[in-house]
Amino acid sequence: MRLKNHKSDFIDQSEALSFIFNNKSYKGYKGDTLASALIANDVLFFARSFKYGRKRGLMGSGVEEPNALVSLEIGGRYTPNLKATEVMLYDGLSAVSSSNPNSIDFRALIKPLHRFMPAGFYYKTFIKQKVWAMVEDSLRSLAGFSKAPTEKDEDVYDHVFHHTEVLVVGGGVAGITAALEVLNNSKTTRVILVDERAHLGGELFNEFQSDDTAISWHHDNLSKLLEFKNVANSRLKIFSRSTAYAWYDHNYIEVLQTNATGESLISGGTQAARKVLHKIRAKEVILATGAHERPMLFETNDLANIMLSQSVRRYLNEFGVISGKDVVLYGNNDSIYSTAIDINNNEINCKVIDIRPSGGESETVLKAKKLGIEVLQGYAVLKAHGTNLVKGIEVSSVEMQGKKWRLTGPSKRLNCDLLASSGGFNPVVHLDCHCGAKTFFDEDSQAFLPQKVRKNRQVCGSISAIGFWKDVVIDAKNKAQLTLLSLGEIKKSTQDSMSENYLDYYNASQFFVPIEILNRPKVFIDMQNDVTTLDVALAIREGYRSIEHIKRYTAMGFGTDQGKTGNINGIAVAAQFLDVPLSEVGTTTFRPAYTGVDFGAMAGREVGGFFDPQRYTTIHDSHLESGAEFEVVGQWYRPWYYPKSGEDIHQAVNRECLAVRTSLGMMDASTLGKIDVQGKDAREFLSRVYTNAWMKLAPGSCRYGLMCNEKGMIIDDGVSTCINDNHFIMTTTTGVLQAFTLL
Amino acid sequence: MQKKYSWYSLLKAGLGNQEWDQAIPLSKPKSKYDVIIIGGGGHGLATAYYLAKECGITNVAVLEKGYIGGGNTGRNTTIIRSNYLRDEASSLYEHSMRLWEGLSEDLNFNVMFSQRGVYNLGHTLQDMRDIERRVNANVLNGVDAVVVDHKEIKEQIPIINTSKNARYPIMGASFQARAGVARHDGVAWGFARAASNLGVDIIQNCEVIDIEVEEGKVKGVKTTLGDIMADRVGCVSAGHSSVVAKMAGLRLPVESHPLQAFVSEAMKPILHTVVMSNAVHGYVSQSDKGDLVIGAGIDGYNSYAQRGSAKIVEHCAAAILELFPIFSRVRMNRQWGGIVDVCPDACPVISPTKVEGLYFNCGWGTGGFKATPGSGNVFAHTIAQDKQHELAVPFHIDRFTSGALIDEHGAAGVAH
Amino acid sequence: MFLIDCPYCKESRDQNEFSPAGEAFIARPQNPEELSDDEWSDYVFYRTNHKGDHWEQWVHTNGCRKYFLVKRSTISHEILEVAAFGEVTSENPS
Ligand SMILES: Cc1cc2nc3c(=O)[nH]c(=O)nc-3n(C[C@H](O)[C@H](O)[C@H](O)COP(=O)(O)OP(=O)(O)OC[C@H]3O[C@@H](n4cnc5c(N)ncnc54)[C@H](O)[C@@H]3O)c2cc1C
Ligand SMILES: [Zn+2]
């Protein structure tokens with residue numbers, strides 16, 4: 001539902017948009033994402049899961065979303081597999097679930113059989129080749145999310161190249177601060193600031209409800225940025241809805257800017273690019289990419305309306321929408337209290353269940369209690385109740401024994417219609433790791449953090465587990481100072497200290513839950529691929545102990561969300577079952593793309609006629625006049641034969657042969673490669689390229705030879721002519737010419 | 001003995017009446033083996049399996065520096081075919097193809113070998129001449145192959161772009177019906193499970209750091225888990241072959257290059273066969289999970305970094321759109337690279353070396369996955385008998401001295 | 001995607017402009033006729049294929065078209081040194 005009195009900076013209630021989802025019409029507002037608009041319309045089911053066909057709702061609010069996969073539009077704008085959370089609403093939008101949650105689904109029908117289909121099922125079945133050949137195609141028809149497109153894309157894509165001194169990835173508090181710090185302290189340094197969201201500010205908007213200084217900070221700093229941007233020859237470029245998705249060697253970073261997802265871009269004879277791929281070479285990179293929340297684990301944690309706490313908070317604060325009236329927040333860190341406070345401020349019922357025991361509470365916790373929010377400390381959620389939709393939960397008291405949680409009390413049931421959880425935060429280290437950097441496991445934040453020092457790169461803000469926004473400002477300034485130092489813009493860097501408890505925000509003590517819970521069925525780690533804790537346990541028992549094997553055996557993290565919410569939990573689950581520290585399990589390799597990249601955007605304009613240059617001879621037009629059919633040789637178009645009407649190739653060629661025999665023929669060999677070889681070692685050079693002898697070829701003569709490459713393999717043949725002892729003209733075949741010039 | 005995989009065992013396990021055995025048991029290295037295999041990729045594991053199964057040598061260790069199948073085996077685009085041009089090569093790949101056809105059953109592990117056919121497209125007259133020549137050679141060698149024209153291609157693959165106005169219009173293709181794809185991890189695991197079932201030790205996280213050679217004979221290896229003795233050592237370390245060779249004081253005629261691939265997000269199946277094109281530099285199939293699996297070209301520089309250049313991948317995406325314009329709004333989900341060891345003639349080395357008891361199986365470059373069972377099979381016999389298996393004879397390393405190269409650039413080339 | 005300093009153009013340019021041209025410092029034997037088959041084969045076909053800091057040749061294909069020397073790590077891809085032919089490098093073979 002949409003809150004009546006909510007004031008949002010994003011939603012423009014004056015501009016209503018209508019859209020269609022699964023054949024039903026709805027209304028939303030400008031500024032909504034498809035996801036927020038659907039929440040506002042009380043739509044709770046978005047799609048079905050991959051393996052078991054379970055009905056799923058939203059879990060997240062951004063690129064981490066695993067469940068809500070939809071396709072947009074039809075025909076030349078049909079787009080598969082979009083996350084409802086990444087689609088900005090536009091008027092007339094039409095979306096369909098990747099697999100319809102409201103119709104009957106074969107995978108869901110065979111539910112009683114699911115227990116016989118554990119991870120690795122297919123390796124153990126259909127072992128006879130003939131049988132496999134028979135069943136594979138029918139199994140195959142169950143695969144995939146959205147349907148594939150069937151028509152040619154009506155849109156175009158651009159590539160843009162940039163050189164910059166500094167690239168700042170992430171436009172939250174950290175990114176904004178770092179960009180400004182660099183700009184303020186140098187007269188010449190160029191800065192590019194990119195953010196995947198539509199607005200700069202990142203998670204700061206969540207503070208707006210309770211902290212007026214956050215509002216003024218945001219306002220002031222954004223105007224400062226605009227001052228830098230809105231001048232002639234600005235040193236600052238800002239790209240929003242732009243995701244840095246890959247980091248290649250030598251600080252070469254690719255950023256995909258989305259101008260449209262499914263809306264038409266053709267208007268009045270012009271056509272803007274649907275997406276722009278920015279190819280950025282930066283001297284220095286500042287990563288301010290933040291962190292993704294990870295969910296807590298419990299039985300049937302995949303029911304609809306079980307979401308991430310931070311996402312619930314974001315939907316509430318940014319979009320003024322929420323999908324429940326009776327909310328439970330569950331987690332192991334203080335962020336759930338912040339969400340609870342915001343929910344409570346909107347006069348919605350909520351409780352907090354904190355797995356941590358009471359004692360030593362932070363200000364946030366105390367504040368929540370003071371507001372009268374019901375808090376259960378030292379409790380874990382065992383299970384969610386409800387068919388498809390969460391109706392209640394089962395909780396039990398827990399205690400830390402040694403280094404492990406244990407269940408202590410009998411369980412009891414609580415009712416709720418929305419459960420939001422937080423198991424801590426996973427810093428967005430993906431980009432940093434694409435090109436060889438490592439992560440390390442930090443016990444305090446219970447997170448894999450980016451490697452501390454890396455040449456020409458700084459990290460700041462949540463990516464290094466710094467959470468209070470005022471501390472982030474200090475951290476970002478400090479890091480930007482280091483960037484300036486590295487660029488030689490300043491001689492000495494100023495480093496200010498953060499607040500005493502700057503690490504508390506992300507302090508998740510022990511993010512894990514009692515193993516008794518992990519041993520229950522249907523504790524989902526990877527929602528999209530239906531990977532459960534028991535799948536991981538099974539993989540390990542079968543000897544697939546490396547995290548890479550576990551991933552591959554269970555398919556954990558292979559989805560379109562790339563395991564953003566699931567992977568680290570999966571690693572933690574593996575650590576529990578292997579009984580080793582998390583750091584020992586390690587992460588799987590982070591690879592591009594951080595989020596999906598359209599093939600069209602990868603190719604840019606190099607499609608169709610621009611795929612490869614087309615080369616014509618000077619007499620091409622006369623070939624055309626003579627009705628030539630052309631043969632493609634390398635990049636060249638050469639006349640193949642000249643059919644007169646009614647003639648086939650053989651008749652035409654016979655006529656041509658006869659003409660040559662009886663009168664005259666002319667062949668245009670100008671498409672051959674021509675290499676002018678000059679100098680005193682010209683003969684010796686030819687002798688080394690060709691397999692035959694060239695030392696005695698007389699001026700004015702020519703000779704045919706075979707050419708070898710450095711590795712002794714024949715690469716081409718051709719004729720070379722001796723002009724004089726120090727001058728030869730070498731030819732290559734038309735087809736190989738290109739290889740010669742590319743080498 | 002491990003429990004067999006069957007419907008019955010699945011049922012029992014599902015009802016909770018049975019626990020599965022470890023497919024890849026955790027083993028500690030012994031101090032001595034009859035044969036040590038360096039490299040737990042598909043080829044190394046297959047070698048160990050056939051040593052145990054066909055040569056009666058079960059006191060074998062496979063030493064893998066990371067996790068098994070984590071090299072090129074787990075990174076490749078899994079195209080399997082045997083339509084190579086030269087007699088020597090096509091016999092070897094065809095031997096492998098026959099093994100593939102019974103492999104799941106032999107290993108009691110479904111490696112999901114899927115004979116969905118492979119089209120090698122031709123876009124120019126020269127391509128078509130080469131294709132005809134290759135198909136003729138294949139037929140003479142008993143390899144199934146036919147030439148098809150663009151109309152037939154369009155019938156079989158309605159979504160392909162056969163427009164005459166394409167920059168490189170599709171003129172025809174060679175088609176091998178028995179060709180296809182398999183599940184790469186499954187191949188590594190299937191061989192590992194079957195080999196350990198016969199007594200082979202599979203030792204992971206064990207890097208060979210030196211090879212002990214005394215008076216021209218191999219004595220054993222030094223590893224990160226200690227010294228291990230063996231009179232016979234088979235090196236099957238793909239991208240790292242030169243590094244391993246150096247440990248024994250040898251050089252090889254190979255260079256290591258990045259080779260990249262990428263997959264799209266999973267969609268409902270629409271492409272049911274494998275399509276390859278050398279001319280535009282790209283090839284694609286759709287997996288049983290629904291993602292498009294796409295292979296790009298090789299990077300020209302040497303590297304051990306398991307990553308390559310963006311331009312290669314982007315050019316490949318453009319190539320795929322030339323063939324399938326409808327994929328423009330499909331998204332790349334993940335990309336990666338492997339380290340491929342390339343021989344000058346694009347053919348492998350399966351050979352003894354100047355060091356007695358030291359054998360090399362390398363140089364498979366961009367296309368060795370398809371050879372996994374065949375390569376392991378002939379290499380096992382080569383090691384066991386200290387004499388090259390008949391099919392391996394042409395692949396002796398001495399061919400680079402004698403000049404009897406087997407030029408497969410046409411059929412192997414960029415593609416796989 | 002490398003950023004390569006061309007020693008002739010004296011500019012840092014994107015890898016797109018260059019082509020790799022194999023291992024460096026492979027001297028062509030002065031006396032091919034006198035070599036044994038093994039020696040000749042070693043020259044033509046065998047390579048060091050070094051894992052680590054590696055000298056190689058590149059050519060500025062879409063630039064000055066000249067060949068030059070690059071010392072690059074084949075593990076991290078970091079470029080440590082570039083030199084024109086004839087220039088003294090940290091490791092010119094004698
Ligand atoms: C992107 C890509 C796409 C490809 N596509 C295809 C295709 O479609 N079809 C096809 O047929 N082929 C393809 N190939 C090629 C194919 O993957 C390889 O030829 C084949 O997998 C090689 O198998 P292998 O077992 O020899 O090597 P690998 O699987 O690489 O195994 C070698 C193993 O040796 C280990 N090792 C190395 N050094 C040491 C040491 N010192 N101590 C211990 N262990 C060590 C490595 O860790 C590795 O696991 C592709 C390759 C790539 C990279
Ligand atoms: Zn130059």
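Reference entry: report on the structure contained in this document. This structure is a prediction, so every number in the text was calculated from the model and none was measured. One numbering rule holds for all chains: residues counted from 1, following each sequence as written. The order in which chains are written sets their letters, starting at A; the order in which ligands are written sets their numbers, starting at 1. pLDDT decides what is reported in this predicted model: residues at 70 or higher carry local features, side-chain atom pairs at 80 or more are listed and counted, and totals for whole chains, interfaces and linings draw on all residues regardless. With hydrogens and water stripped out, all remaining heavy atoms of the structure feed into the side-chain values.

1. Describing the coordination of the zinc ion (ligand 2)
Residue and element names in this part refer to chain C. Coordinating donors are taken to be N, O and S atoms lying within 2.8 Å of the metal, or within 3.2 Å when the metal is Na, K or Ca; because water is excluded from the atom set, some sites may appear incomplete. Coordination sphere of the zinc ion (ligand 2), protein contribution only: Cys6 (SG), Cys9 (SG), His60 (ND1) and Cys64 (SG), at 2.0 to 2.3 Å. A four-donor site is called tetrahedral if each angle lies between 85 and 135 degrees; a four-donor site is square planar, and a six-donor site octahedral, when trans pairs exceed 155 degrees and the remaining angles lie between 65 and 115; all other cases are labelled irregular. Each of the four donor atoms around the zinc ion (ligand 2) contributes to a set of angles spanning 105 to 117°, which defines the coordination as tetrahedral. Think of it in three bands: residues with accessible area under 20% of the maximum for their type are buried, residues over 50% are exposed, and the middle band is partly exposed, with areas taken using a 1.4 Å probe on protein chains only. When its relative accessible area of 2% is taken as the criterion, His60 is described as buried. Taking relative accessible area as the criterion, Cys64 reaches 26% and is therefore assigned partly exposed.

2. A short note on the sheet that holds strand β16 (residues 292–298) of chain B
The strand order across the open sheet formed by nine strands is β32(A)-β17(B)-β13(B)-β16(B)-β15(B)-β14(B)-β4(B)-β6(B)-β5(B), and the pairing between neighbours is mixed. The open sheet has two edge strands, β32 (597–598) of chain A together with β5 (146–149) of chain B, and neither has a second partner. The pairing of β32(A) with strand β17 (residues 331–342) of chain B spans two bridges and is antiparallel. Residue pairing in the sheet places Val597(A) in a bridge with Met332(B) of β17(B). When DSSP finds two or more bridges between two strands, those strands count as paired. Per the convention used, a helix needs a DSSP run of H or I reaching at least four residues, while a strand needs a run of E reaching at least two, with both numbered from the N terminus.

3. Comments concerning the nonpolar core
As used here, the term nonpolar core means buried Ala, Val, Leu, Ile, Met, Phe, Trp, Tyr and Cys residues forming a set that is joined through side-chain atoms within 4.5 Å. The biggest cluster of nonpolar side chains holds 77 residues, and the ones touching the most others in it are Leu51(B), Trp100(B), Trp189(B) and Phe191(B). Note on contacts: a residue pair qualifies if any of its non-hydrogen atoms lie within 4.5 Å across the two residues. Excluding residues within four positions of it along the chain, Leu51(B) makes contact with Val35(B), Ile37(B), Gly56(B), Ile57(B), Val60(B), Ala380(B), Ile383(B) and Ala384(B).

4. Considerations on the interface of chain C and chain B
Of the residues lining the interface, 26 residues belong to chain C; the matching set on chain B comes to 28 residues. For the pairing of chain C and chain B, the buried interface totals around 2,300 Å² over both sides, and the portion due to carbon and sulfur atoms is 49%. In terms of surface lost to chain B, no three residues of chain C exceed Phe45(C), Tyr46(C) and Asn49(C), which account for 30% of the buried area on that side. The rule for a salt bridge is simple: a side-chain nitrogen of Lys or Arg has to be within 4 Å of a carboxyl oxygen of Asp or Glu. The interface formed by chain C and chain B includes one salt bridge. In protein, a polar contact requires one atom able to donate a hydrogen and another able to accept it; more generally it is a pair of N or O atoms within 3.5 Å, and residues adjacent in sequence count only if both atoms are side-chain atoms. Scanning the region where chain C abuts chain B turns up 15 residue pairs in polar contact (both at pLDDT 80 or more). Within the residue set of the side of chain C that touches chain B, elements represented by two or more residues are β3 (19–23), α1 (37–44) and β4 (53–59) of chain C. If you tally residues by element for the side of chain C that touches chain B, the top one is α1(C), at four residues. Residues belonging to the side of chain C that touches chain B are distributed by class as follows: eight nonpolar, 10 polar and eight charged. Buried area is understood as the total, over both parts, of accessible area removed when two parts are fitted together, assessed with a 1.4 Å probe. Residue classes follow a fixed rule: Ala, Val, Leu, Ile, Met, Phe, Trp, Tyr, Cys and Pro count as nonpolar, while Asp, Glu, Lys and Arg count as charged, and any other residue, Gly among them, counts as polar.

5. A word on the environment of Pro66(A)
Residues and elements named next belong to chain A. Tracing the chain through its elements places Pro66 in the loop between β4 (55–56) and β5 (69–72). Taking relative accessible area as the criterion, Pro66 reaches 2% and is therefore assigned buried. Separated by 460 residues in sequence, Pro66 and Asp526 have C-alpha atoms that sit 8.0 Å apart. Not counting residues up to four positions away in its chain, the partners in contact with Pro66 are Met59, Met527, Gln528, Asp561 and Thr565.

6. Quick notes on a negative patch on the surface
Nonpolar side chains (Val, Leu, Ile, Met, Phe, Trp, Tyr) are joined into patches within 5 Å and like charges within 9 Å, using only residues with over 30% relative accessible area and no salt bridge. What sets the accessible areas is the Shrake-Rupley method with a 1.4 Å probe; for residues, cover comes only from the shown protein chains. Counting rule applied: Lys, Arg positive; Asp, Glu negative; His and chain ends not counted. Where a charge lies is defined by one atom per residue type: Lys uses NZ, Arg uses CZ, Asp uses CG and Glu uses CD. On the surface, a cluster of negative charge is made up of Asp398(B), Asp37(C), Asp38(C) and Glu39(C). Among the structural elements, Asp38(C) can be located in helix α1.

7. What about the pattern of salt bridges?
For the structure on display, the rule yields 63 salt bridges over all chains. A salt bridge links Arg356(A) to Asp354(A); the nearest nitrogen and oxygen atoms lie 3.1 Å apart. The same class applies to Arg356(A) and to Asp354(A), which are both buried. Here Glu255(B) makes a salt bridge to Lys711(A), at a shortest N to O gap of 3.2 Å. In this pair, Glu255(B) is assigned in strand β13 (residues 255–264) and Lys711(A) in the loop between β36 (702–708) and β37 (714–724), connecting two distinct chains. One continuous salt-bridge network, built from bridges that share partners, spans Glu136(A), Asp137(A), Arg140(A), Arg116(B) and Asp288(B).

8. Focus: the interface of chain B and chain A
The interface is formed by 93 residues belonging to chain B together with 100 residues belonging to chain A. Three residues stand out in chain B for area buried against chain A, namely Arg167(B), Arg329(B) and Arg331(B), and they jointly supply 12% of the buried area on that side. Our count for the chain B to chain A interface comes out at 13 salt bridges. The partner of Arg129(B) in a salt bridge is Glu631(A), and the shortest N-O contact between them spans 3.9 Å. Our count for the chain B to chain A interface comes out at 56 residue pairs in polar contact (both at pLDDT 80 or more). At nine residues, helix α9 (residues 310–323) of chain B tops the list of elements feeding residues into the side of chain B that touches chain A.

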